Amino acid sequence: MATLASDAAVDPLDVSRPELYRDDIWHAPFARLRAEAPVYYTERSAFGPYWSISGYKPIVHVESLPDIYSSEAGGITIADMQEGDIKMPMFIAMDRPKHTGQRRTVSPAFTPSEMVRMSGNIRTRTSEILDSLPVGQEFDWVDRVSIELTTQMLAILFDFPWEERRKLTFWSDWAGDIEIAKDPVRKEQRRDILFECAAYFGNLWNGKVGKAPTPDLISMMIHSDAMAHMDQMEFLGNLILLIVGGNDTTRNSMSAYAWALEQFPEERAKLEANPGLIANATQEIIRWQTPLAHMRRTATQDTELEGQKIREGDKLILWFLSANRDESVFPDADRIIVERENARRHLAFGHGIHRCVGARLAELQVGILMEEMAKRRLRANVLREPERVAACFVHGYRKMPVELSHY
(Lines give C-alpha, C1' and ligand atoms only; values in the text may rest on other atoms or scores of the structure.)
Protein backbone atom coordinates (compact mmCIF):
# COMPACT_ATOMS: atom_id res chain seq x y z
CA MET A 1 0.00 0.00 0.00
CA ALA A 2 1.47 3.36 -1.03
CA THR A 3 2.02 5.57 1.99
CA LEU A 4 3.96 8.82 1.71
CA ALA A 5 2.64 10.85 4.61
CA SER A 6 4.09 11.16 8.09
CA ASP A 7 2.13 10.40 11.28
CA ALA A 8 1.04 14.03 11.55
CA ALA A 9 -2.63 14.72 12.30
CA VAL A 10 -3.17 16.15 8.83
CA ASP A 11 -2.02 14.12 5.87
CA PRO A 12 -0.45 16.63 3.45
CA LEU A 13 -1.59 14.36 0.64
CA ASP A 14 -5.22 14.36 1.76
CA VAL A 15 -6.48 16.32 -1.22
CA SER A 16 -10.06 16.41 0.05
CA ARG A 17 -9.27 19.40 2.30
CA PRO A 18 -11.44 22.39 1.28
CA GLU A 19 -8.75 25.02 1.84
CA LEU A 20 -6.72 23.57 -1.05
CA TYR A 21 -9.45 24.68 -3.44
CA ARG A 22 -10.47 27.86 -1.63
CA ASP A 23 -6.87 29.10 -1.78
CA ASP A 24 -6.04 27.49 -5.16
CA ILE A 25 -3.10 25.53 -3.71
CA TRP A 26 -4.11 22.05 -4.83
CA HIS A 27 -1.51 21.82 -7.61
CA ALA A 28 1.53 20.78 -5.50
CA PRO A 29 0.01 17.83 -3.59
CA PHE A 30 -1.51 16.44 -6.77
CA ALA A 31 1.80 16.82 -8.64
CA ARG A 32 3.49 14.82 -5.89
CA LEU A 33 0.78 12.16 -5.95
CA ARG A 34 1.05 11.74 -9.72
CA ALA A 35 4.84 11.50 -9.55
CA GLU A 36 5.19 9.23 -6.51
CA ALA A 37 1.90 7.44 -5.84
CA PRO A 38 -0.84 7.81 -8.48
CA VAL A 39 -2.84 5.25 -6.48
CA TYR A 40 -2.49 6.38 -2.86
CA TYR A 41 -4.32 5.38 0.32
CA THR A 42 -5.41 8.25 2.54
CA GLU A 43 -6.08 6.76 5.95
CA ARG A 44 -7.42 9.88 7.66
CA SER A 45 -9.66 12.53 6.21
CA ALA A 46 -12.84 14.37 7.13
CA PHE A 47 -14.58 11.95 4.74
CA GLY A 48 -12.95 8.80 6.10
CA PRO A 49 -10.31 6.62 4.40
CA TYR A 50 -10.12 6.57 0.62
CA TRP A 51 -7.87 5.80 -2.31
CA SER A 52 -6.69 8.83 -4.30
CA ILE A 53 -6.48 7.98 -7.99
CA SER A 54 -4.63 10.94 -9.47
CA GLY A 55 -3.03 9.76 -12.72
CA TYR A 56 -4.69 9.85 -16.13
CA LYS A 57 -3.96 6.20 -16.96
CA PRO A 58 -5.33 4.59 -13.76
CA ILE A 59 -8.45 6.78 -13.89
CA VAL A 60 -9.22 5.65 -17.45
CA HIS A 61 -8.58 2.06 -16.33
CA VAL A 62 -11.07 2.33 -13.45
CA GLU A 63 -13.69 4.05 -15.59
CA SER A 64 -13.35 1.29 -18.19
CA LEU A 65 -14.35 -1.39 -15.64
CA PRO A 66 -17.73 -0.27 -14.23
CA ASP A 67 -18.60 -3.77 -13.02
CA ILE A 68 -15.53 -3.87 -10.77
CA TYR A 69 -15.63 -0.19 -9.78
CA SER A 70 -19.26 0.60 -9.02
CA SER A 71 -20.98 3.97 -9.11
CA GLU A 72 -23.99 2.62 -7.24
CA ALA A 73 -22.41 0.83 -4.28
CA GLY A 74 -21.21 3.97 -2.50
CA GLY A 75 -22.42 6.90 -4.56
CA ILE A 76 -20.44 9.31 -6.71
CA THR A 77 -18.82 11.69 -4.21
CA ILE A 78 -16.23 11.33 -1.50
CA ALA A 79 -18.90 11.94 1.17
CA ASP A 80 -20.41 8.71 2.51
CA MET A 81 -24.13 8.31 3.04
CA GLN A 82 -24.94 8.62 6.74
CA GLU A 83 -27.97 7.64 8.80
CA GLY A 84 -30.77 10.11 8.16
CA ASP A 85 -29.37 11.33 4.83
CA ILE A 86 -31.74 11.73 1.91
CA LYS A 87 -31.31 8.81 -0.46
CA MET A 88 -31.70 10.15 -3.98
CA PRO A 89 -31.07 7.53 -6.69
CA MET A 90 -29.84 9.08 -9.95
CA PHE A 91 -28.65 7.45 -13.14
CA ILE A 92 -25.06 8.69 -12.80
CA ALA A 93 -24.96 6.74 -9.51
CA MET A 94 -26.44 3.57 -10.98
CA ASP A 95 -24.79 0.53 -12.50
CA ARG A 96 -25.91 -1.32 -15.58
CA PRO A 97 -28.54 -2.19 -16.67
CA LYS A 98 -30.70 0.45 -14.93
CA HIS A 99 -28.18 3.19 -15.71
CA THR A 100 -28.42 2.38 -19.42
CA GLY A 101 -32.19 2.78 -19.63
CA GLN A 102 -32.38 6.03 -17.69
CA ARG A 103 -29.44 7.61 -19.49
CA ARG A 104 -31.00 6.64 -22.81
CA THR A 105 -34.18 8.48 -21.78
CA VAL A 106 -32.54 11.91 -21.43
CA SER A 107 -29.80 11.56 -24.06
CA PRO A 108 -32.07 12.66 -26.97
CA ALA A 109 -32.00 16.17 -25.45
CA PHE A 110 -28.26 16.34 -26.19
CA THR A 111 -27.88 14.86 -29.67
CA PRO A 112 -25.99 16.73 -32.43
CA SER A 113 -29.30 17.63 -34.11
CA GLU A 114 -30.59 19.10 -30.82
CA MET A 115 -27.40 21.12 -30.50
CA VAL A 116 -28.03 22.57 -33.96
CA ARG A 117 -31.62 23.33 -33.01
CA MET A 118 -30.64 25.08 -29.77
CA SER A 119 -27.61 26.96 -31.03
CA GLY A 120 -29.57 29.91 -32.40
CA ASN A 121 -31.38 30.39 -29.11
CA ILE A 122 -28.14 30.12 -27.13
CA ARG A 123 -26.48 32.69 -29.39
CA THR A 124 -29.40 35.11 -29.07
CA ARG A 125 -29.45 34.90 -25.28
CA THR A 126 -25.66 35.21 -25.07
CA SER A 127 -25.77 38.29 -27.29
CA GLU A 128 -28.48 39.89 -25.17
CA ILE A 129 -26.49 39.38 -21.97
CA LEU A 130 -23.22 40.64 -23.43
CA ASP A 131 -24.93 43.72 -24.88
CA SER A 132 -26.39 44.50 -21.45
CA LEU A 133 -22.99 44.58 -19.72
CA PRO A 134 -21.19 47.85 -18.93
CA VAL A 135 -17.83 48.50 -20.58
CA GLY A 136 -15.26 50.10 -18.31
CA GLN A 137 -17.21 49.44 -15.10
CA GLU A 138 -16.69 46.70 -12.52
CA PHE A 139 -19.23 43.89 -12.23
CA ASP A 140 -19.32 40.25 -11.10
CA TRP A 141 -18.71 37.98 -14.10
CA VAL A 142 -19.94 34.91 -12.21
CA ASP A 143 -23.35 36.41 -11.46
CA ARG A 144 -23.98 38.51 -14.57
CA VAL A 145 -22.63 36.09 -17.19
CA SER A 146 -21.85 32.56 -15.98
CA ILE A 147 -24.82 32.00 -13.68
CA GLU A 148 -27.30 33.85 -15.85
CA LEU A 149 -26.41 32.01 -19.07
CA THR A 150 -26.41 28.56 -17.51
CA THR A 151 -29.58 29.15 -15.49
CA GLN A 152 -31.40 30.36 -18.58
CA MET A 153 -30.32 27.17 -20.39
CA LEU A 154 -31.58 25.00 -17.54
CA ALA A 155 -34.92 26.80 -17.54
CA ILE A 156 -35.30 25.99 -21.22
CA LEU A 157 -34.28 22.34 -20.78
CA PHE A 158 -36.82 21.85 -17.99
CA ASP A 159 -39.50 24.19 -19.39
CA PHE A 160 -39.14 25.94 -16.03
CA PRO A 161 -40.98 29.21 -15.23
CA TRP A 162 -38.62 31.88 -16.59
CA GLU A 163 -39.16 34.46 -13.87
CA GLU A 164 -38.25 31.93 -11.18
CA ARG A 165 -35.20 30.44 -12.88
CA ARG A 166 -32.75 31.55 -10.15
CA LYS A 167 -34.36 28.92 -7.93
CA LEU A 168 -32.39 26.46 -10.06
CA THR A 169 -29.12 28.16 -9.10
CA PHE A 170 -30.11 28.16 -5.44
CA TRP A 171 -31.01 24.46 -5.43
CA SER A 172 -27.85 23.57 -7.36
CA ASP A 173 -25.59 25.38 -4.90
CA TRP A 174 -27.14 23.57 -1.94
CA ALA A 175 -27.16 20.18 -3.63
CA GLY A 176 -23.57 20.35 -4.86
CA ASP A 177 -21.92 21.62 -1.66
CA ILE A 178 -20.06 18.57 -0.39
CA GLU A 179 -18.92 20.35 2.79
CA ILE A 180 -22.50 20.26 4.10
CA ALA A 181 -21.92 16.56 4.88
CA LYS A 182 -19.80 17.68 7.87
CA ASP A 183 -22.44 19.99 9.40
CA PRO A 184 -25.64 18.47 10.91
CA VAL A 185 -27.44 21.84 11.01
CA ARG A 186 -26.79 22.62 7.35
CA LYS A 187 -27.70 19.04 6.43
CA GLU A 188 -31.16 19.64 7.87
CA GLN A 189 -31.40 22.91 5.96
CA ARG A 190 -30.43 21.10 2.77
CA ARG A 191 -33.06 18.43 3.39
CA ASP A 192 -35.78 21.11 3.58
CA ILE A 193 -34.48 22.91 0.50
CA LEU A 194 -34.29 19.75 -1.59
CA PHE A 195 -37.82 18.73 -0.61
CA GLU A 196 -38.93 22.20 -1.71
CA CYS A 197 -37.21 21.50 -5.03
CA ALA A 198 -38.96 18.12 -5.30
CA ALA A 199 -42.37 19.63 -4.57
CA TYR A 200 -41.87 22.36 -7.16
CA PHE A 201 -40.82 19.92 -9.86
CA GLY A 202 -43.60 17.54 -8.82
CA ASN A 203 -46.08 20.24 -9.78
CA LEU A 204 -44.32 20.72 -13.13
CA TRP A 205 -44.45 16.94 -13.68
CA ASN A 206 -48.16 16.73 -12.87
CA GLY A 207 -48.85 19.57 -15.28
CA LYS A 208 -47.37 17.54 -18.13
CA VAL A 209 -48.89 14.12 -17.35
CA GLY A 210 -51.34 13.12 -20.08
CA LYS A 211 -50.10 15.86 -22.42
CA ALA A 212 -48.44 15.41 -25.80
CA PRO A 213 -44.65 15.00 -25.70
CA THR A 214 -42.56 18.19 -25.73
CA PRO A 215 -38.74 18.47 -26.10
CA ASP A 216 -38.05 19.22 -22.43
CA LEU A 217 -36.46 16.81 -19.96
CA ILE A 218 -39.55 16.34 -17.76
CA SER A 219 -41.72 15.39 -20.71
CA MET A 220 -39.02 12.99 -21.91
CA MET A 221 -39.07 11.29 -18.51
CA ILE A 222 -42.87 11.05 -18.47
CA HIS A 223 -42.95 9.47 -21.93
CA SER A 224 -40.23 6.86 -21.25
CA ASP A 225 -40.47 3.32 -19.94
CA ALA A 226 -37.28 3.73 -17.88
CA MET A 227 -38.27 6.86 -15.93
CA ALA A 228 -42.06 7.26 -16.09
CA HIS A 229 -42.64 5.43 -12.82
CA MET A 230 -39.85 6.80 -10.63
CA ASP A 231 -40.67 7.34 -6.98
CA GLN A 232 -40.24 10.82 -5.48
CA MET A 233 -36.65 10.26 -4.33
CA GLU A 234 -35.49 8.86 -7.65
CA PHE A 235 -37.17 11.75 -9.44
CA LEU A 236 -35.45 14.21 -7.11
CA GLY A 237 -32.11 12.47 -7.54
CA ASN A 238 -32.22 12.70 -11.31
CA LEU A 239 -33.36 16.31 -11.16
CA ILE A 240 -30.44 17.21 -8.89
CA LEU A 241 -28.07 15.38 -11.22
CA LEU A 242 -29.30 17.33 -14.25
CA ILE A 243 -29.44 20.65 -12.38
CA VAL A 244 -25.96 20.39 -10.87
CA GLY A 245 -24.55 18.85 -14.04
CA GLY A 246 -26.01 21.60 -16.19
CA ASN A 247 -25.35 24.48 -13.82
CA ASP A 248 -22.09 24.11 -11.93
CA THR A 249 -20.07 22.60 -14.74
CA THR A 250 -20.86 25.04 -17.56
CA ARG A 251 -21.02 27.98 -15.17
CA ASN A 252 -17.51 27.37 -13.84
CA SER A 253 -16.06 26.77 -17.30
CA MET A 254 -17.48 30.14 -18.39
CA SER A 255 -15.88 31.76 -15.36
CA ALA A 256 -12.61 29.96 -16.11
CA TYR A 257 -12.64 31.50 -19.58
CA ALA A 258 -12.24 34.95 -18.03
CA TRP A 259 -9.79 33.89 -15.31
CA ALA A 260 -7.60 31.56 -17.39
CA LEU A 261 -7.00 34.02 -20.22
CA GLU A 262 -6.15 36.69 -17.66
CA GLN A 263 -3.39 34.39 -16.38
CA PHE A 264 -1.98 33.73 -19.85
CA PRO A 265 -2.17 37.00 -21.81
CA GLU A 266 0.00 35.66 -24.64
CA GLU A 267 -2.54 32.88 -25.24
CA ARG A 268 -5.39 35.39 -25.02
CA ALA A 269 -3.63 37.44 -27.69
CA LYS A 270 -3.44 34.38 -29.96
CA LEU A 271 -7.15 33.75 -29.49
CA GLU A 272 -8.08 37.38 -30.11
CA ALA A 273 -5.99 37.42 -33.28
CA ASN A 274 -7.41 34.13 -34.56
CA PRO A 275 -11.03 33.33 -33.59
CA GLY A 276 -10.64 30.08 -35.53
CA LEU A 277 -8.94 28.73 -32.43
CA ILE A 278 -12.08 29.08 -30.31
CA ALA A 279 -13.31 25.48 -30.72
CA ASN A 280 -10.00 24.07 -29.52
CA ALA A 281 -9.61 26.74 -26.84
CA THR A 282 -13.01 25.72 -25.47
CA GLN A 283 -11.70 22.21 -24.84
CA GLU A 284 -8.48 23.57 -23.36
CA ILE A 285 -10.31 25.83 -20.90
CA ILE A 286 -12.59 22.98 -19.80
CA ARG A 287 -9.49 20.79 -19.31
CA TRP A 288 -7.65 23.48 -17.36
CA GLN A 289 -10.61 24.20 -15.10
CA THR A 290 -12.15 20.72 -14.66
CA PRO A 291 -15.36 22.00 -13.00
CA LEU A 292 -16.09 18.75 -11.15
CA ALA A 293 -12.87 17.79 -9.39
CA HIS A 294 -13.71 14.17 -8.68
CA MET A 295 -16.05 11.22 -8.96
CA ARG A 296 -16.14 8.24 -6.64
CA ARG A 297 -16.22 4.54 -7.37
CA THR A 298 -16.49 1.63 -4.92
CA ALA A 299 -14.71 -1.69 -5.46
CA THR A 300 -17.12 -4.61 -5.81
CA GLN A 301 -14.36 -7.20 -5.35
CA ASP A 302 -10.75 -7.54 -4.32
CA THR A 303 -8.54 -6.37 -7.16
CA GLU A 304 -5.24 -4.70 -7.96
CA LEU A 305 -4.57 -1.25 -9.41
CA GLU A 306 -1.10 0.00 -10.29
CA GLY A 307 0.41 -2.56 -7.93
CA GLN A 308 -1.85 -1.61 -5.01
CA LYS A 309 -4.21 -4.12 -3.38
CA ILE A 310 -7.77 -2.78 -3.53
CA ARG A 311 -10.26 -4.51 -1.23
CA GLU A 312 -13.95 -5.07 -1.84
CA GLY A 313 -15.83 -2.06 -0.46
CA ASP A 314 -12.87 0.34 -0.74
CA LYS A 315 -13.65 3.91 -1.78
CA LEU A 316 -11.75 5.18 -4.82
CA ILE A 317 -11.75 8.89 -5.64
CA LEU A 318 -11.01 9.62 -9.30
CA TRP A 319 -9.42 13.07 -9.36
CA PHE A 320 -10.26 14.28 -12.87
CA LEU A 321 -8.78 17.61 -11.82
CA SER A 322 -5.40 15.93 -11.43
CA ALA A 323 -5.64 13.72 -14.52
CA ASN A 324 -6.15 16.84 -16.61
CA ARG A 325 -2.83 18.18 -15.30
CA ASP A 326 -0.96 14.91 -15.97
CA GLU A 327 2.22 15.95 -17.80
CA SER A 328 2.57 12.51 -19.38
CA VAL A 329 -0.57 13.28 -21.40
CA PHE A 330 -0.65 17.10 -21.46
CA PRO A 331 2.85 18.63 -21.63
CA ASP A 332 3.12 21.91 -19.74
CA ALA A 333 -0.26 20.97 -18.29
CA ASP A 334 -0.61 23.87 -15.85
CA ARG A 335 -0.63 26.33 -18.74
CA ILE A 336 -3.46 27.27 -21.05
CA ILE A 337 -2.31 26.53 -24.61
CA VAL A 338 -5.10 27.48 -26.99
CA GLU A 339 -3.53 25.43 -29.80
CA ARG A 340 -2.97 22.31 -27.66
CA GLU A 341 -3.25 19.38 -30.07
CA ASN A 342 -4.83 16.90 -27.66
CA ALA A 343 -6.98 19.25 -25.57
CA ARG A 344 -10.02 17.13 -26.40
CA ARG A 345 -8.51 14.16 -24.53
CA HIS A 346 -9.37 15.80 -21.21
CA LEU A 347 -11.38 13.90 -18.60
CA ALA A 348 -13.45 16.83 -17.33
CA PHE A 349 -16.58 15.04 -18.57
CA GLY A 350 -15.46 11.67 -17.26
CA HIS A 351 -14.82 8.54 -19.32
CA GLY A 352 -16.70 5.40 -20.26
CA ILE A 353 -20.37 4.69 -19.62
CA HIS A 354 -20.74 7.59 -17.18
CA ARG A 355 -19.25 10.27 -19.44
CA CYS A 356 -21.33 13.44 -19.06
CA VAL A 357 -24.50 13.17 -21.13
CA GLY A 358 -24.61 16.96 -21.58
CA ALA A 359 -20.98 17.40 -22.68
CA ARG A 360 -21.92 18.69 -26.15
CA LEU A 361 -24.23 21.30 -24.68
CA ALA A 362 -21.57 22.54 -22.27
CA GLU A 363 -19.07 22.84 -25.11
CA LEU A 364 -21.61 24.66 -27.25
CA GLN A 365 -22.48 27.21 -24.58
CA VAL A 366 -18.87 27.99 -23.69
CA GLY A 367 -17.86 28.17 -27.36
CA ILE A 368 -20.71 30.53 -28.27
CA LEU A 369 -19.83 32.81 -25.36
CA MET A 370 -16.26 33.04 -26.66
CA GLU A 371 -17.45 33.62 -30.23
CA GLU A 372 -19.80 36.41 -29.25
CA MET A 373 -17.10 38.07 -27.13
CA ALA A 374 -14.80 37.89 -30.16
CA LYS A 375 -17.42 39.41 -32.49
CA ARG A 376 -17.66 42.41 -30.17
CA ARG A 377 -13.88 42.48 -29.63
CA LEU A 378 -14.58 42.38 -25.91
CA ARG A 379 -12.05 41.34 -23.28
CA ALA A 380 -12.88 40.47 -19.66
CA ASN A 381 -10.17 41.95 -17.43
CA VAL A 382 -10.20 40.31 -13.99
CA LEU A 383 -9.60 43.03 -11.41
CA ARG A 384 -8.84 40.97 -8.31
CA GLU A 385 -8.38 37.38 -7.20
CA PRO A 386 -11.72 35.57 -7.52
CA GLU A 387 -13.57 34.07 -4.57
CA ARG A 388 -13.44 30.31 -5.03
CA VAL A 389 -15.63 27.43 -3.88
CA ALA A 390 -14.08 25.90 -0.74
CA ALA A 391 -14.74 22.24 -1.54
CA CYS A 392 -13.22 19.24 -3.31
CA PHE A 393 -16.18 18.37 -5.55
CA VAL A 394 -17.45 21.42 -7.43
CA HIS A 395 -14.29 23.22 -8.56
CA GLY A 396 -15.36 26.74 -9.25
CA TYR A 397 -15.83 30.40 -8.45
CA ARG A 398 -18.33 32.28 -6.32
CA LYS A 399 -17.39 35.80 -7.40
CA MET A 400 -15.08 37.30 -9.99
CA PRO A 401 -14.78 41.08 -10.36
CA VAL A 402 -14.12 42.09 -13.96
CA GLU A 403 -14.14 45.13 -16.18
CA LEU A 404 -14.77 44.83 -19.90
CA SER A 405 -12.61 46.59 -22.45
CA HIS A 406 -12.36 46.55 -26.25
CA TYR A 407 -9.28 45.29 -28.08
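Basis of the calculations
Residues numbered from 1 in each chain as written. Predicted model: local features only at pLDDT ≥ 70, side-chain atom pairs only at ≥ 80, totals over all residues. Heavy atoms only, no water. Helix = DSSP H or I, 4+ residues; strand = E, 2+ residues; numbered from the N terminus. Rg over C-alpha atoms; globule rule 2.2 N^0.38 Å. Buried < 20%, exposed > 50% of the residue type's maximum accessible area, 1.4 Å probe, protein only. Contact = heavy atoms within 4.5 Å. Pairing = 2+ DSSP bridges. Core = buried A, V, L, I, M, F, W, Y, C linked by side-chain atoms within 4.5 Å. Axes fitted to C-alpha atoms, helices over the stretch in contact; angles between N-to-C directions. Parallel < 35°, antiparallel > 145°, perpendicular 65-115°, else oblique. Left-handed = near helix turned anticlockwise from the far one by under 90°. Expected span 1.5 Å × (residues − 1). Bend = angle between axes of the 7 residues up to and from the residue. Arc of directions from axis to C-beta.

Draft legend 1. Spotlight on the overall build of the protein chain. When helices and strands are counted, the protein chain shows 14 helices and twelve strands. For the protein chain, the C-alpha radius of gyration of 21 Å lies close to 22 Å, the compact-globule estimate for 407 residues. Seen along its three principal axes, the alpha-carbon backbone of the protein chain occupies a region of about 55 × 55 × 40 Å. The 407 residues of the protein chain split such that 58% are buried. For the protein chain, the proportion of contacts with a sequence separation of at least 24, taken over those separated by at least 6, is 71%.

Draft legend 2. The arrangement of the pairing of strand 9 (residues 378-382) in detail. With respect to burial, strand 9 is a largely interior element, four of its five residues being buried. With five bridges connecting them, strand 9 and strand 12 (residues 401-406) associate as antiparallel partners. Bridge pairing in strand 12 links Arg379 to Ser405.

Draft legend 3. The nonpolar core, seen in detail. Counting 48 residues, the largest nonpolar core has Tyr21, Leu316 and Trp319 as its most contacted members. Those elements that place two or more of their residues in this core are helix 1 (18-22), helix 2 (27-36), strand 1 (39-42), strand 2 (50-53), helix 3 (56-63), strand 5 (294-299), strand 8 (315-319) and helix 13 (320-323). Discounting chain neighbours no more than four positions away, the residues touching Trp319 are Val15, Ser16, Tyr21, Phe30, Tyr50, Ser52, Ile53, Ser54, Ile59, Ala293, His294 and Cys392.

Draft legend 4. The sheet that holds strand 8, seen in detail. One open sheet accounts for five strands, arranged 1-2-8-5-3; its pairing is mixed. Sheet topology places strand 1 and strand 3 (69-70) at the edges, where each strand pairs with a single neighbour. Inspection of the sheet shows strand 5 paired to strand 8 by five bridges, in the antiparallel sense. The residue of strand 8 that forms the bridge with Thr298 is Lys315. Strands strand 1, strand 2, strand 3, strand 5 and strand 8 of the sheet are contacted by helix 3, whose axis makes an angle of about 125 degrees with strand 8.

Draft legend 5. Highlighting the environment of Val402. Tracing the sequence through the fold places Val402 in strand 12. The sequence separation of Val402 and Asn381 amounts to 21 residues, and the corresponding C-alpha distance is 5.3 Å. Not counting residues up to four positions away in its chain, the partners in contact with Val402 are Gln137, Glu138, Phe139, Trp141, Asn381, Val382 and Leu383.

Draft legend 6. Region of the structure containing the packing of helix 12 (residues 278-289) against helix 14 (residues 359-375). In the contact formed by helix 12 and helix 14, the axes pass within 9 Å of each other and the chain directions differ by 125 degrees. With respect to each other, helix 12 and helix 14 are oriented oblique. In this structure, helix 12 crosses over helix 14, and the sense of that crossing is right-handed. Every residue of helix 14 that contacts helix 12 at Ile278, Ala281, Thr282, Gln283, Ile285 and Ile286 is listed here: Glu363, Val366, Gly367, Met370, Glu371 and Ala374.

Draft legend 7. How the structure looks around the side chain of Glu63. Among the secondary structure elements, Glu63 is positioned in helix 3. Take Glu63: its relative accessible area is 5%, and that puts it in the buried class. Residues contacting Glu63, with those up to four places away along its chain left out, are Arg297, Leu318, Phe320, Gly350, His351 and Gly352.

Draft legend 8. Quick look at helix 5 (residues 112-132). The terminal C-alpha atoms of helix 5 lie 30 Å apart, and with 21 residues this matches the ideal 30 Å at 1.5 Å per residue to within 8%. The largest bend in helix 5 comes to about 40 degrees, at Met118. Restricting attention to buried positions, one finds in helix 5 the residues Glu114, Met115, Met118, Ile122, Arg125, Thr126, Ser127, Ile129 and Leu130. Close packing links the buried residues of helix 5 with helix 6 (141-158) and helix 14.

Draft legend 9. Region of the structure containing the sheet that holds strand 4 (residues 138-140). Read from one edge to the other, the open sheet built from three strands follows the order 4-12-9, with strand pairing classed as antiparallel. One side of each edge strand has no neighbouring strand; the edge strands of this open sheet are strand 4 and strand 9. Along the sheet, successive strands turn relative to each other by an average axial angle of 45 degrees, direction set aside.

Draft legend 10. Highlighting the environment of Gly358. Here Gly358 is to be found in the loop between helix 13 and helix 14. Judged by its relative accessible area of 14%, Gly358 falls in the buried class. When the C-alpha atoms of Gly358 and Asp159 are compared, they prove to be 17 Å apart, with 199 residues separating the residues in sequence.

Draft legend 11. Representation of helix 2 within the structure. The set of residues buried in helix 2 consists of Pro29, Phe30, Leu33 and Arg34. When helix 2 is viewed along its axis, its buried side chains cluster within an angular range of 135 degrees and face the same direction. When the buried face of helix 2 is taken as reference, the exposed residues oriented beyond 90 degrees from it are Ala28 and Ala35. Of the surrounding elements, those touching the buried residues of helix 2 are helix 1, strand 1, strand 2, strand 8 and helix 13.

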